[in-house]
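A look at the structure
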Amino acid sequence: MSRAAVTKKKVAAKPTAKSPAGTKPVYDKIRLPEVDTGAVVFCTDPLLVKERYTVDYLNSYAEDTPFFTGLAQGKLMGSECKRCGYRFATPRAYCMECGAETRWYELPLEGRVHTWTTCYFGSESFLKETPFNLALIEFDGVNTLLLTRLVGLTEKEIKVGMPVRAKFRRLAQFKPTDVYFIPKTKAGKAVA
Amino acid sequence: MPVAAHTRTEVRMRPVYMISGGITKFTKADPRKSFRKMVKEAFDYSMNDCPRLTKDRIDGSVVSYFSDHFTRQLMAGIMAVDMCGLVPKPTIRVEGGGATGGLCFQEAWRHIASGWLDCVVAIGFETMSRVNTWKGNEFIALASDTNFDFPVGGFYSGYYAMMVVRHMHEFGTTPKQLAQVSVKNHRNALNNRWAQHHYDLTVEDVLRSPMVAYPLTMLDICTMSDGAAVCILASEKVAEKVCDNPVKVIGVGQGSDAMRMSDRPHGAVPLLKHEDASWYKGLKYPGVHSFRAGRMASKMAYERAGIEDPREDVDFVELHDAYTSSEIQTYEDMGLCRYGDGGKFVEQGHADLTGKIPVNPSGGLLACGHPVGATGLMQAVFAFWQLQGAIAKHNAGDATIQVKQKRGRGKRGMRGAIHSHAGTGTYVTVSILESTSTNGPASKARRAR
């Protein structure tokens, strides 16, 4: 409000000197439209204001697409080197060891906890989900690991080496969280 | 002085000296200053500390800041450089996650070693308080694979927690040993006026502080901060003219590893000169318990510097302790102890100020904070002051954290290693600095009295 008043005064002051008395210069009516959104101010000294920044990306999974479509079909797709046979548990178009192209292969749906943690804090996107468990899963016959959520266990119950199995979301989100791991059950009862 | 030629590739490199340094005191949030002002303050500090250096002698600059998200400004580098009045001279930005500052130092080194320029300012900064901590954690986690790792629960403390859980499984490292790193570094910082946190801690304090990601508590983790640091590097010709007590950069090394730690191999340890393959029989390396990039960077830097055994040939280390766990893992990567012995190394006091090889006499990232782009350069500034024997000069007369050269080490000058490290060990730099005062800074200080 006050800024608008100042601008008006300033604009009006100059032209009157040059204009015949009683004639209003036409450009006095030129002004930016005011907005009532205002600013969110956290502090005035120094001036700290809120600024929002969002982006919608057209994110392409490109050559890794089969991994995500695989998850929607209940499959875990890894990459196997066509030349040296190195087996990655993650999608990689080329072998990190020898540089050759890889081919897709299906990972076993059971593995073991190679390492893990329970997060009690996190990034903004996942704060609401805390506490949650992250784990790296090892598979028989596979050279590398897979990062995943470990569900259904508390910090005290998780052990390195414990057998786990993959579960898939019924409704795919086309995110790596379409798969998660739970403890492998024996004879119908959950492993503590 | 003859050019050190430990390997063929370095035959044509020129010797490079650090001639000055400056930092701002890092703080959790400094909304009163823009990154440009912070940089200018650090730059002025370094110019004042080297009065014979005039701006016309400076040939160019290298700038490091990690995240465009934190600055909310692309090309922030040039804004820092124009604030320092270093335009229209050459400048370039370097970036490599947490190792950004270390990479900046080495890029400035390359500018001079190659013979291209004679005097280069390395500038680093980060203003992380411009978002809330949880958003900052998100920005940092965007430096993990955004298709495969970030969406699972992107959180760097979680990633490092998984790495140390495996270290604990492989080697029997304990949360208590992690806590001892925090206690040690905060204790050192009690006598560093540049440190952000002056905490007199016990192991219990660390263990009892809020859990962030098992087994890492709040006191196991460094603070996102605002701050800037500046190092000035020069050729021998310029160093001799403008600086009474320059510090020589005698070796730089760098290493890297796969972005996704799940993709890291499980193979053999690349050995340092003093190590024996029999020590590591059956150890699958690096897996996720160790940083192969840190080992590669150390190996290369030691070879270039002619270091046979870092336990004897280095007098102190300023290393990247963003987490207490990564300090323990880094002892091993740098060969300060065997793989698996990192926990015992801190437990037995070897990394203490009075230990075999003082690690983070400044208090490290844990006590000083981690404004990413500035951090690696802050380590260089602290190492520079150590090697000049000038800690007291820059620390309000307090020389408690001044490290002394090991006895009986022949004619070599006092040496310090600086180690800068990015997300889960993707980029790591190690640089070895050596004092040039013939009798070592300790005896020089005695003469002055």
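Residues numbered from 1 in each chain as written. Chains lettered and ligands numbered in written order. Predicted model: local features only at pLDDT ≥ 70, side-chain atom pairs only at ≥ 80, totals over all residues.

1. A few points about the overall build of chain B
Counting its secondary structure elements, chain B contains 18 helices and 13 strands. For a compact globule of 449 residues, the expected C-alpha radius of gyration is about 22 Å, and chain B comes in at 20 Å, within 12% of that figure. Expressed along its principal axes, the backbone C-alpha trace of chain B runs to roughly 55 × 50 × 45 Å. Burial statistics for chain B: of 449 residues in total, 63% are counted as buried. Partitioning the intrachain contacts of chain B with sequence separation of at least 6 by distance along the chain shows that 79% fall at a separation of at least 24. (Helix = DSSP H or I, 4+ residues; strand = E, 2+ residues; numbered from the N terminus. Rg over C-alpha atoms; globule rule 2.2 N^0.38 Å. Buried ≥ 20, exposed ≤ 12 C-beta atoms within 10 Å, placed from the backbone. Contact = placed C-beta atoms within 7 Å.)

2. Some thoughts on the overall build of chain A
A count of helices and strands for chain A gives two helices and 10 strands. When the helices and strands of chain A are listed from N to C terminus, the series reads α-β-β-α-β-β-β-β-β-β-β-β. The burial tally for chain A puts 28% of its 192 residues in the buried class.

3. Remarks on helix α3 (residues 76-83) of chain B
All names here are of chain B. Buried within α3 we find Ala76, Gly77, Ala80 and Val81. Buried residues of α3, viewed axially, fall in a sector of 140°; they line one side. In this structure, the buried side of α3 is in contact with α1 (35-48), β2 (60-64), α2 (68-71), β3 (91-94) and β4 (119-127). Downstream of α3 by a residue or two, Gly85 has a phi angle that is positive, lying close to 70°. (Arc of directions from axis to C-beta.)

4. Remarks on the environment of B:His186
Residues and elements named next belong to chain B. Take His186: it is sitting in helix α8 (residues 175-189). For the pair formed by His186 and Thr202, sequence separation is 16 residues and the distance between their alpha carbons is 10.0 Å. When sequence neighbours within four positions are dropped, the list of residues in contact with His186 reads His197, Tyr199, Leu201, Gly363, Leu366 and Ala367.

5. Here's the deal with the packing of helix α7 (residues 156-171) of chain B against helix α13 (residues 324-333) of chain B
Residue and element names in this part refer to chain B. Where α7 meets α13, the closest approach of the two axes is 9 Å, and the angle between their N-to-C directions is 50°. Classified by the angle their axes make, α7 and α13 are oblique. Of the two possible hands of crossing, α7 and α13 adopt the one that is left-handed. In this structure, α7 uses Tyr160, Met163, Val164 and His167 to contact α13, whose residues at the interface are Ser325, Ser326 and Gln329. Class assignment for the residues of the contact of α7 with α13 results in three nonpolar, four polar and no charged. (Axes fitted to C-alpha atoms, helices over the stretch in contact; angles between N-to-C directions. Parallel < 35°, antiparallel > 145°, perpendicular 65-115°, else oblique. Left-handed = near helix turned anticlockwise from the far one by under 90°. Nonpolar A, V, L, I, M, F, W, Y, C, P; charged D, E, K, R; others polar.)

6. Remarks on the interface of chain A and chain B
Each side of the interface is counted separately: chain A has 37 residues, and chain B has 30 residues. Mapped onto the side of chain A that touches chain B, the elements with two or more residues apiece are β6 (110-119), β7 (132-138) and β8 (146-150) of chain A. For the side of chain A that touches chain B, the element with the highest residue contribution is β6(A), accounting for six residues. Partitioned by chemical class, the residues of the side of chain A that touches chain B number 21 nonpolar, 11 polar and five charged.

7. Examining the sheet that holds strand β4 (residues 87-88) of chain A
Residue and element names in this part refer to chain A. In space, the three strands of this open sheet follow the order β4-β3-β5, with antiparallel pairing throughout. Strands at the two margins of the open sheet, each flanked by one partner only, are β4 and β5 (102-106). Two strands pair when backbone bridges link them, and strand β3 (residues 77-81) and β5 are joined in this way by five bridges, in the antiparallel orientation. In the sheet register, Met77 faces β5, and the bridge partner there is Glu106. (Pairing = 2+ DSSP bridges.)

8. Side note on the environment of A:Val35
Within the secondary structure layout, A:Val35 lies in the loop between α1 (2-18) and β1 (41-44). Each C-alpha atom of the pair A:Val35 and A:Leu171 lies 43 Å from the other, and the pair is 136 residues apart in sequence.

9. Some thoughts on the sheet that holds strand β12 (residues 415-421) of chain B
Residue and element names in this part refer to chain B. Spatial strand order, β3-β2-β4-β7-β1-β8-β13-β12-β11: nine strands in an open sheet with mixed pairing. Whereas interior strands pair on both sides, the edge strands pair on one side only; in this sheet they are β3 and β11 (316-318). Adjacent strand axes in the sheet meet at a mean angle of 25° when their direction is disregarded. In the packing of helix α11 (residues 292-305) onto the sheet, contacts are made with β8 (247-256), β12 and β13 (427-435), and the angle to β8 comes to roughly 145°.

10. Focus on the domain arrangement of chain B
The extent of an interface is frequently quoted as the accessible surface area lost upon association of the parts. Residues and elements named next belong to chain B. Its domain assignment divides chain B into domain 1 (8-132 + 226-235) and domain 2 (134-224 + 249-448). Using only C-alpha atoms to locate each centre, domain 1 and domain 2 end up separated by 22 Å. Among the elements that make up the side of domain 1 that touches domain 2, the one with the highest residue count is helix α4 (residues 100-113) (eight residues). Of the residues contributing to the side of domain 1 that touches domain 2, the split by class is 21 nonpolar, 16 polar and five charged. (Domains from an automatic or database assignment.)

11. Brief notes about the pairing of strand β1 (residues 16-23) of chain B
Side chains on a regular strand alternate between the two faces of the sheet. Residues and elements named next belong to chain B. Where burial is concerned, most of β1 is hidden: eight out of the eight residues are buried. With seven bridges joining them, β1 and strand β7 (residues 226-235) adopt antiparallel strand pairing. Considered in β7, the bridge of Ile23 is made with Ala229. Two elements, β1 and β8, share three bridges in a ladder whose sense is antiparallel. For Met18, the partnering residue across the bridge sits in β8 and is Val247.

12. Details of the pairing of β8(A)
Residue and element names in this part refer to chain A. With respect to burial, β8 is a largely interior element, four of its five residues being buried. Here five bridges tie β7 to β8, and the two strands are oriented antiparallel to one another. Residue pairing for β8: Ile137 is matched across the bridge by Leu146.

13. Description of the packing of α8(B) against α13(B)
All names here are of chain B. The geometry of α8 relative to α13 is characterised by a closest axis approach of 8 Å and an angle of 95° between their N-to-C directions. Taken as axis vectors, α8 and α13 run roughly perpendicular relative to one another. Across from Gln177, Leu178, Ala179, Val181 and Ser182 in α8, the residues of α13 making contact are Thr324, Ser325, Glu327 and Ile328. For the contact of α8 with α13, the residue count by class is four nonpolar, four polar and one charged.

14. What about the confidence of the model for chain B?
All names here are of chain B. When pLDDT is averaged along chain B, the result is 94; 94% of the residues meet or exceed 70. When the criterion is pLDDT under 50, residues 439-449 qualifies, and its contacts beyond four places in sequence or with other chains add up to 16 contacts. Here the predicted complex carries an ipTM of 0.93, next to a pTM of 0.92. (pLDDT = per-residue confidence, 0-100.)

15. Considering α11(B)
Residues and elements named next belong to chain B. The terminal C-alpha atoms of α11 lie 20 Å apart, and with 14 residues this matches the ideal 20 Å at 1.5 Å per residue to within 8%. With 12 of its 14 residues buried, α11 lies for the most part within the structure. Every buried residue belonging to α11 is among Arg292, Ala293, Gly294, Arg295, Met296, Ala297, Ser298, Lys299, Ala301, Tyr302, Arg304 and Ala305, and all of these are buried. Packing partners of the buried residues in α11 comprise β8, β10 (285-286), α12 (310-313), α13, β12 and β13. Phi turns positive, to about 70°, at Gly306, one or two residues after α11. (Expected span 1.5 Å × (residues − 1).)

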